[in-house]
Amino acid sequence: MANRVEPKLIPALFEELQKERFVMIATCDHETGGPNVSAISWLYAKDEETILFAVDQRSRILENLKANPMAVITLIANESTYSINGNAFTAAEKLESVPLKLSLVRLDITDVRDVMFYGSKITVEPQYDKTYDKKAAERLDKQVMEALKKA
């Protein structure tokens, strides 16, 4: 049985992307043309058709998107694994009101697929801890997420 394809985020996924969370983003490498996968956590669903995320201005993701705007975000949520496909571009070279040199990227969603293998579900979602100063991490996370929500 083929998995269902949606043209935008379903409500459960939109809700999951209202806060910082672990996802993987795949782009086409600008040098080799092969896949390039990175883990990110600063992202926000602006609406059901748009995801905003922040990355370091030196990130390979930015160079890759300049050469080829196609990208895929892999999200583990709602007891499954989802592939969020779209075209992404740098919306702002500098994310304002954030002390780090971050760029704002916008992903315009083309389709969302449930890609979990048949007859299974996710029972525990990935979790992570910040390994540097916890208070500084919380402060920075808050600043970045607020900037994303204002963008």
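These figures come from a predicted structure and were not determined experimentally.

A.B. asks: Could you clarify how one ought to interpret the side chain of T81 in this entry?
C.D. replies: Mapped onto the elements of the fold, T81 is located in strand 7 (residues 80-92). What T81 contacts, discounting residues up to four positions off in sequence, is T74, L75, I76, R113, D114, V115, M116 and I122.

A.B. asks: How should I be thinking about the pairing of strand 2 (residues 23-28) in this particular structure?
C.D. replies: On a regular strand, each side chain points to the face opposite its neighbour's, so the side chains alternate between the two faces of the sheet. Burial of strand 2 is one-sided: the residues V23, I25 and T27 facing one way are buried, the residues M24, A26 and C28 facing the other way are not. One ladder, built from six bridges, connects strand 2 with strand 3 (residues 35-40); its direction is antiparallel. Bridge pairing links V23 to I40 in strand 3. The antiparallel hairpin formed by strand 2 and strand 3 contains six residues in its connecting segment, where G33 sits at a positive phi of about 80 degrees. By the bridge criterion, four bridges tie strand 2 to strand 6 (residues 70-77) in an arrangement that is antiparallel. The residue bridging M24 from the neighbouring strand is T74, located in strand 6.

A.B. asks: How should I be thinking about the pattern of salt bridges in this particular structure?
C.D. replies: Two side chains carrying opposite charge are able to pair once their charged atoms lie near each other. All chains considered together, the criterion is met by 13 salt bridges. A salt bridge links K130 to E20, with the shortest nitrogen-to-oxygen separation between them at 3.0 Å. Here the residue K130 occupies a position in the loop between strand 8 (102-114) and helix 3 (134-150), and E20 occupies one in the loop between helix 1 (11-16) and strand 2, the gap between them amounting to 110 residues. Residues D56 and R58 are paired through a salt bridge, measuring 2.9 Å at the closest nitrogen-oxygen approach.

A.B. asks: How should I be thinking about the pairing of strand 8 in this particular structure?
C.D. replies: In this structure, strand 1 (residues 5-6) lies alongside strand 8, joined through two bridges in antiparallel fashion. Residue pairing across strands places E6 opposite V112, the latter belonging to strand 8. The pairing of strand 5 (residues 50-56) with strand 8 spans seven bridges and is antiparallel. The residue bridging A54 from the neighbouring strand is L104, located in strand 8.

A.B. asks: Looking at this structure, how should I read the nonpolar core?
C.D. replies: One recurring pattern in soluble globular proteins: nonpolar side chains tend to sit buried together. Counting residues in each nonpolar core, the largest one holds 26 residues, and the members touching the most others are L9, L17, I51, F53, I73, I84 and L107. Looking at this core, the elements that each hand over two or more residues are helix 1, strand 2, strand 4 (43-47), strand 5, helix 2 (60-67), strand 6, strand 7 and strand 8. Beyond its immediate stretch of four places on either side in the chain, I51 contacts L9, L17, L43, Y44, A45, I73, I84, V105, R106, L107 and I109. In terms of nonpolar packing, the next biggest core, distinct from the first, is built from 13 residues, W42, A54, L102 and A147 among them.

What counts, and where the lines are drawn
- Residues numbered from 1 in each chain as written.
- Predicted model: local features only at pLDDT ≥ 70, side-chain atom pairs only at ≥ 80, totals over all residues.
- Heavy atoms only, no water.
- Helix = DSSP H or I, 4+ residues; strand = E, 2+ residues; numbered from the N terminus.
- Contact = heavy atoms within 4.5 Å.
- Buried < 20%, exposed > 50% of the residue type's maximum accessible area, 1.4 Å probe, protein only.
- Pairing = 2+ DSSP bridges.
- Salt bridge = Lys/Arg side-chain N within 4 Å of Asp/Glu carboxyl O.
- Core = buried A, V, L, I, M, F, W, Y, C linked by side-chain atoms within 4.5 Å.

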